[in-house]
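Working through the structure, step by step
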Amino acid sequence: MRMLFTLDAQDYDPNGVAFVRPSARCIVIQNGRVAMLHSLRYDYYVFPGGGIEPGESGEEAMMREAREEAGLVVVPASIREFGCVRRVQKSAYKGSDYFIQDNYYYLCQAEKEIQPQKLDVQEQEKRLVLEFVPPEQALLVNRRQNGGAPVMLEREIGILETLKQEGYFD
């Protein structure tokens, strides 16, 4: 998969212990709008997705996470690789000094019917809801957001800008 960009906070000791956790995220575009999870508590947008479990492929993880977080049932035959964003920053995980996450993004289509979400406790606290949002709105909201996890928001801004530059919203 092509590497789109790297977000490196440079706030860690590179000689320390790394915690590595890859993730997979879906990009569903319908009628010029993109499927994103809106945090009603913190007011930001993220693409549905999450960690790749041991023994799972990126595509399998993306499909599972899209279903759990957003209620989107991805059409397997529609999945296409879009690109990878590497995120590196100081770790909050015990026993590690820095965190490395390769975020694999997949373009795909979803079935029309949205299923009920199955959010974990952290996702419920963020009050995540699925919205098909114009990309300009998601960009505006994420750019003005100062709280939360700024590297995560920079990642999503970069993906939305890349999608726009490559003509996916025309």
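Heads up: the structure comes first, above all this text.
What this report covers is the structure whose coordinates are included nearby. (Residues numbered from 1 in each chain as written. Predicted model: local features only at pLDDT ≥ 70, side-chain atom pairs only at ≥ 80, totals over all residues. Heavy atoms only, no water.)

**Considerations on the environment of P48**
Mapped onto the fold, P48 is located in the loop between β6 (44-46) and β7 (49-51). A C-alpha to C-alpha distance of 6.6 Å links P48 and E65, two positions 17 residues apart in sequence. If near-sequence neighbours (up to four positions away) are discounted, P48 is found in contact with A24, R25, C26, A35, M36, L37, A66, E69, A70 and L72. (Helix = DSSP H or I, 4+ residues; strand = E, 2+ residues; numbered from the N terminus. Contact = heavy atoms within 4.5 Å.)

**A few points about the layout of surface pockets**
There is about 940 Å³ of room inside the largest pocket. What lines the largest pocket is a set of 34 residues, among which R25, R87, Q122, K126 and M152 lie closest to the centre. Those elements that place two or more of their residues in the lining of the largest pocket are β3 (23-27), β6, β7, α1 (58-70), β8 (80-90), β9 (98-107), α2 (121-126) and α4 (150-165). With 4 residues, α2 is the largest single contributor of residues to the lining of the largest pocket. (1 Å grid on protein atoms, 1.4 Å probe; cavity = no way out; pocket = protein on both sides within 12 Å on 5 of 7 lines; lining within 4 Å. Points joined across faces, edges and corners; volume = space filled by probe spheres on them.)

**Things to note about α1**
For α1, built from 13 residues, the straight-helix expectation of 18 Å at 1.5 Å per residue is met to within 8% by its first-to-last C-alpha distance of 17 Å. Considered for burial, the residues of α1 that qualify are G58, A61, M62, E65, A66, E69 and A70. Buried positions in α1, seen along its axis, are confined to an arc of 130° and lie on one side of it. Looking at the packing, one finds that the buried side of α1 touches β3, β5 (33-39), β7, β9, α2 and β10 (128-133). Just beyond α1, the residue with positive phi is G71, at close to 75°. (Expected span 1.5 Å × (residues − 1). Buried < 20%, exposed > 50% of the residue type's maximum accessible area, 1.4 Å probe, protein only. Arc of directions from axis to C-beta.)

**Quick word on the nonpolar core**
Core analysis: the biggest nonpolar cluster contains 22 residues, and C26, V28, M62, L72 and C108 have the highest contact counts within it. With 4 residues, α1 is the largest single contributor of residues to this core. Not counting residues up to four positions away in its chain, the partners in contact with C108 are C26, I27, V28, I29, M62, V74, S78 and I79. (Core = buried A, V, L, I, M, F, W, Y, C linked by side-chain atoms within 4.5 Å.)

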